Amino acid sequence: MAVKKLIHVAVAVIVRGGRILIARRPEHVHQGGLLEFPGGKVESGETVQQALVREIAEETGLRVPAETLEPVIGIRHDYGDKQVFLDVWQTAAAEGEAEGREGQPVFWLTPEELRDEDFPAANRPIIRALRLPRTLHITGSLAGPGEGECRLDQALQRVTDGLVVLRAPGLVPEQYRRLVSMALARCSGSSVGVMLHGGPALLSEFTEADGLHLPWREAERLSGRPVAGNVRLGVSCHSAEQLRQAERLGADYAVLGPVLPTASHPGEPTLGWEAFEQLVAAARLPVYALGGMQPGHIAKARALGGQGIAGIGFWW
Ligand SMILES: Nc1nc2c([nH]c(=O)n2[C@H]2C[C@H](O)[C@@H](COP(=O)(O)OP(=O)(O)OP(=O)(O)O)O2)c(=O)[nH]1
């Protein structure tokens, strides 16, 4: 069987006022009629940034200073007839008024308005990535119920937006439920989403939660997505095989680590940044780096293809 060539596609997420520029692909082209982010093939001799600047100008008339482009995610996808590597970059500094220079309709949508079924199949992880924060706050050790709630309350004061994964393996179910109720009440009306940590049954009790984060021991025994599409699903992973299982479950994100040594799991073998980058390159979902992370690592994690950082030490 002939080996299909991997087509390197530069994909632009152009953000303005919280909305993203979307176009409709012409009917007659590959994946025709579907919505897309502006972009196109990287030509030989071009860097991905040069391709983005060129494609954006050709397709939309917008001018993008190359240095404002930041990496979002890289996705390899096999369409059967074509194999693509979508190299996705973001800018909020495009200049000018957007128009469909090739006759295609263009419009601005919020991340929440992007629906998987309107885009080519390879775009699902891109849409997930755009709806996810760069930092995932995981709760650290919580003593007894009263003290735990107090500790959580203090820690939440330091978080203004993003997601908190309520991990408390030391608590018995009743104590954990109390903690969840408190966290949901505390975060209600704020920009902080609460992810429950445990098995799927939890979510049916707490419908206001943002979603469910599966520890690996829960994820490994499932064979399909255990929650509805409108709630977030995360999975803790430590290897390429575990990332494949997270993809099979239709997870919205994975956490991968430990990347660096960490105080909460002393002595555990670490992946290091090189292995993180390799594992992320093969993953078809957004991946957070876990283990020894500090806010200064967000840029590093993203430059290596990750979604951002996850952990306890930097906020707890
Ligand atoms: N631009 C863009 N392409 C996408 C997206 N999602 C996705 O699967 N693709 C695929 C469809 C195509 O197979 C490939 C992009 O190729 P293209 O045909 O748009 O590239 P191009 O502008 O250089 O076109 P061409 O005239 O040289 O054929 O990537 C997306 O969001 N934006």
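First things first, this report covers the structure right here in the doc. Note that the coordinates shown come from a computational prediction; the quantities given were computed from them, not determined experimentally.

### Comments concerning the packing of aromatic side chains
- This structure, assessed with the given rule, holds 4 aromatic pairs.
- Ring centres of Tyr 253 and Tyr 288 lie 5.5 Å apart, and the angle between their planes is 90 degrees; on these two criteria the pair is classed as edge-to-face. Here Tyr 253, found in strand E13 (residues 253-256), pairs with Tyr 288, found in strand E14 (residues 287-290); they are 35 residues apart in sequence, far enough to count as distant.
- For Tyr 253, a relative accessible area of 0% corresponds to the buried category.
- Its end group placed over the ring of Phe 85, Arg 76 keeps NZ or CZ at 4.7 Å from the ring centre.

### Topic: the pairing of strand E9 (residues 161-166)
- Burial analysis of E9 places 5 of its 6 residues in the buried class, which makes it a mostly covered element.
- Relative to E9, strand E8 (residues 135-138) runs parallel, the two being bridged by 3 bridges. By the bridge assignment for E9, Leu 136 is matched with Leu 163.
- As defined by bridge partners, E9 adjoins strand E10 (residues 191-197) across 6 bridges and the pair is classed as parallel. Each residue of the ladder has a partner; that of Val 165, found in E10, is Met 195.
- In this view, the connection linking E9 to its parallel neighbour E10 by way of helix H4 (residues 173-187) has right-handed handedness.

Conventions we followed
Residues numbered from 1 in each chain as written. Predicted model: local features only at pLDDT ≥ 70, side-chain atom pairs only at ≥ 80, totals over all residues. Heavy atoms only, no water. Phe/Tyr/Trp six-rings, centres within 6.5 Å; stacked < 30°, edge-to-face > 60°. Helix = DSSP H or I, 4+ residues; strand = E, 2+ residues; numbered from the N terminus. Buried < 20%, exposed > 50% of the residue type's maximum accessible area, 1.4 Å probe, protein only. Lys NZ or Arg CZ within 6 Å of the ring centre and 35° of its normal. Pairing = 2+ DSSP bridges. Right-handed = clockwise from strand over helix to strand, strands pointing away.

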